[in-house]
Amino acid sequence: MELKEVIEFYKNSSQDILAKKANEVCEQIYGKKIFLRGLIEFSNLCDRDCLYCGIRKSNPKVIRYKLTEKEIIDAVMLGYSAGLKTFVLQSGESKNYSLTELCRISEKIKKLTDNNSALTLSCGIFTKKEYRSLKLSGVDRYLIRFETSDPVLHKYLRNGISLKRRLKAIEDLKELEYETGSGYMVGLPGETEEIRINNAILCYKLKLDMIGIGPFIPHPETPLKKSIKHNIGLALKAISLIRLLLPYSNIPATTAIGSIDKEGREKALKSGANVLMPNITPVKYKKNYLLYPDKICIEENGADCIRCLKIKLKKTGKVISYEKGDSKAKEINYA
Ligand code: SAH
């Protein structure tokens with residue numbers, strides 16, 4: 001379907017119809033396979049003050065941490081021995097990890113996994129030069145959500161940082177031939193249906209390899225604590241819309257969606273998502289990476305997270321794939 005057709009279909013269809021169509025499209029391309037990404041939240045140090053985020057720098061209640069290089073590598077290797085081939089290292093946006101350290105970690109991971117793994121970073125904005133160094137050290141993929149496509153809302157929510165700057169980062173990553181991921185939250189205060197549609201159109205125009213979408217969940221220690229917490233419907237519709245617009249891209253069933261609804265991730269996988277991200281951060285740190293409240297998977301270790309996801313998957317009729325799960329969007333290049 002053409003862009004206009006998809007948007008019309010979205011506007012005129014119920015969530016169930018959208019999900020059915022999106023799942024069909026997803027299975028045509030990826031079959032029943034669900035790719036796994038081991039997520040390591042390696043630091044909650046952050047120099048930014050995004051209004052929505054629980055680890056914003058002016059939340060004094062956060063106990064700040066930073067994993068040592070060894071802890072990061074050990075977590076990766078535990079995941080690797082459990083069969084994972086893709087690792088996502090995520091943190092706040094902070095210069096607490098130097099570029100040299102990040103590059104060294106990436107080189108080590110590539111070496112220890114015999115170049116048989118894919119490495120994703122998600123640590124916010126860097127300069128193009130810095131992204132280039134990271135790429136050269138072995139980082140394959142980068143995740144940086146644009147959060148909302150509305151420039152005024154973006155600047156307000158990100159406490160003064162412009163949408164343009166985030167989009168520049170995304171362009172830089174694409175030019176450097178990263179598998180590039182972005183995405184947005186759904187249900188932010190001030191967001192309209194028109195903004196939600198524009199969010200999806202922006203993903204389409206950026207021809208993203210991966211699109212992460214999650215519901216906004218108000219955190220009690222942020223300025224947005226009194227905002228409305230929407231139900232899962234908006235996020236599921238957004239996932240389906242994105243699958244229809246970008247059939248070949250990787251779309252995770254995010255932890256946030258699993259946190260607002262007990263069966264949120266299963267529902268997302270039936271609505272067009274094809275990726276799951278077991279959280280393999282060492283357990284003792286997990287409770288300190290709360291971007292939003294009531295986050296799931298913070299009590300169990302990485303192996304248990306993988307086991308639990310396997311059980312959940314069975315119910316959906318999908319199957320785990322232990323492949324690296326490169327983006328097919330890159331192959332076809334959405335000409
Ligand atoms: N520091 C990195 C990683 C961000 S954390 C960066 O700036 O890109 C990962 C994502 O969590 C964010 O991009 C945001 O979309 C999401 N997030 C943050 N606060 C949230 C909240 N209160 N509810 C739901 N998702 C949230």
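Residues numbered from 1 in each chain as written. Predicted model: local features only at pLDDT ≥ 70, side-chain atom pairs only at ≥ 80, totals over all residues. Heavy atoms only, no water.

Things to note about the overall build of the protein chain
Helix and strand counts for the protein chain come out as 14 helices and 10 strands. Taken against the 2.2 N^0.38 rule, which gives 20 Å for 335 residues, the C-alpha radius of gyration of the protein chain at 18 Å falls within 12% of a compact globule. Taken over the C-alpha atoms alone, the protein chain extends approximately 50 × 40 × 40 Å along its principal axes. Going through the 335 residues of the protein chain one by one, you find that 60% of them count as buried. For the protein chain, the accessible area works out to roughly 14,400 Å², and carbon and sulfur atoms hold 54% of it. Charge centroids of the protein chain, computed over 58 positive and 40 negative side chains, lie 2 Å from each other. (Helix = DSSP H or I, 4+ residues; strand = E, 2+ residues; numbered from the N terminus. Rg over C-alpha atoms; globule rule 2.2 N^0.38 Å. Buried < 20%, exposed > 50% of the residue type's maximum accessible area, 1.4 Å probe, protein only. Areas by Shrake-Rupley, 256 points an atom, 1.4 Å probe, with all protein chains shown as cover. Lys, Arg positive; Asp, Glu negative; His and termini not counted. Charge placed at Lys NZ, Arg CZ, Asp CG, Glu CD.)

Points about the site of the ligand
Around the ligand, 17 residues are found, and the nearest of them are Tyr 52, Arg 145, Glu 147, Arg 166 and Ile 217. In this structure, Glu 147 approaches the ligand through a side-chain N or O atom, which is 2.6 Å from an oxygen atom. Arg 166 is positioned with one of its side-chain polar atoms (N or O) 2.8 Å from an oxygen atom of the ligand. Notes on the ligand: free accessible area 560 Å², of which the protein chains cover 91%. Among the detected pockets, the ligand sits in the largest cavity. Its residues assigned to classes, the shell around the ligand shows eight nonpolar, five polar and four charged. (Near = heavy atom within 4 Å. Polar contact = N/O pair within 3.5 Å; in protein donor to acceptor, adjacent residues only side chain to side chain. 1 Å grid on protein atoms, 1.4 Å probe; cavity = no way out; pocket = protein on both sides within 12 Å on 5 of 7 lines; lining within 4 Å. Sits in = over half its atoms within 2 Å of the grid points. Nonpolar A, V, L, I, M, F, W, Y, C, P; charged D, E, K, R; others polar.)

A closer look at the pattern of salt bridges
Per the stated rule, a full pass over the model turns up 25 salt bridges. Put simply, Glu 323 and Lys 33 hold a salt bridge, and the shortest N to O gap is 2.9 Å. Note that Glu 323 is positioned in the loop between β10 (319-321) and α14 (328-332) and Lys 33 in strand β1 (residues 33-36), a separation of 290 residues in sequence. With a relative accessible area of 34%, Lys 33 lands in the partly exposed category. When the shortest N-O distance is used, the salt bridge between Asp 326 and Arg 141 registers 2.7 Å. With Asp 326 in the loop between β10 and α14 and Arg 141 in strand β5 (residues 141-143), the pair connects residues that are 185 residues apart, well separated along the chain. For Asp 326, a relative accessible area of 40% puts it in the partly exposed group. A network of salt bridges, in which partner residues are shared, links Arg 48, Glu 93, Glu 147 and Arg 166. (Salt bridge = Lys/Arg side-chain N within 4 Å of Asp/Glu carboxyl O.)

A few points about the nonpolar core
Of all hydrophobic cores here, the largest spans 101 residues; its most connected members are Phe 42, Leu 89, Tyr 131, Tyr 142, Tyr 184 and Ile 242. The leading source of residues in this core is helix α9 (residues 233-245), at eight residues. Beyond its immediate sequence surroundings of up to four residues, Leu 89 is in contact with Ile 40, Phe 42, Ile 72, Ile 105, Ile 109, Leu 119, Thr 120, Leu 121, Ser 122 and Cys 123. (Core = buried A, V, L, I, M, F, W, Y, C linked by side-chain atoms within 4.5 Å. Contact = heavy atoms within 4.5 Å.)

Details of the side chain of Ser 321
On the secondary structure map, Ser 321 appears in strand β10. A distance of 2.9 Å separates a polar atom in the side chain of Ser 321 from a polar atom in the side chain of Glu 323.

Points about empty space enclosed by the protein
If you walk through the whole model with that rule in mind, you get four cavities of 30 Å³ or more. Approximately 960 Å³ is the volume attributed to the largest cavity. What lines the largest cavity is a set of 47 residues, among which Gln 90, Ser 122, Arg 145, Glu 147 and Leu 291 lie closest to the centre. If you list the elements that add at least two residues to the lining of the largest cavity, you get β2 (38-43), β3 (86-91), β4 (118-122), β5, β6 (179-186), β7 (210-215) and α10 (255-260). Considering every element that reaches the lining of the largest cavity, the biggest residue donor is β7, with five residues. Of the residues contributing to the lining of the largest cavity, the split by class is 23 nonpolar, 13 polar and 11 charged. Within this model, the second largest cavity holds a volume of roughly 60 Å³. Lining the second largest cavity are Phe 42, Ser 43, Leu 45, Ser 91, Gly 92, Ser 94, Tyr 97, Leu 102 and Cys 123. In terms of residue class, the lining of the second largest cavity is built from five nonpolar, four polar and no charged. (Points joined across faces, edges and corners; volume = space filled by probe spheres on them.)

Here we look at the packing of helix α4 (residues 99-112) against helix α5 (residues 128-137)
Two measures define how a pair of helices packs: the angle their axes make with one another and the distance between the axes. Close contact between α4 and α5 brings their axes to 8 Å; oriented N to C, the two are set at 25°. Between α4 and α5, the crossing angle belongs to the class labelled roughly parallel. In terms of crossing hand, the pair formed by α4 and α5 is right-handed. For the pair α4 and α5, the contacting residues are Leu 99, Leu 102, Cys 103, Ser 106 and Glu 107 in the first and Glu 130, Ser 133, Leu 134 and Ser 137 in the second. Among the residues making up the contact of α4 with α5, the classes are represented as four nonpolar, three polar and two charged. (Axes fitted to C-alpha atoms, helices over the stretch in contact; angles between N-to-C directions. Parallel < 35°, antiparallel > 145°, perpendicular 65-115°, else oblique. Left-handed = near helix turned anticlockwise from the far one by under 90°.)

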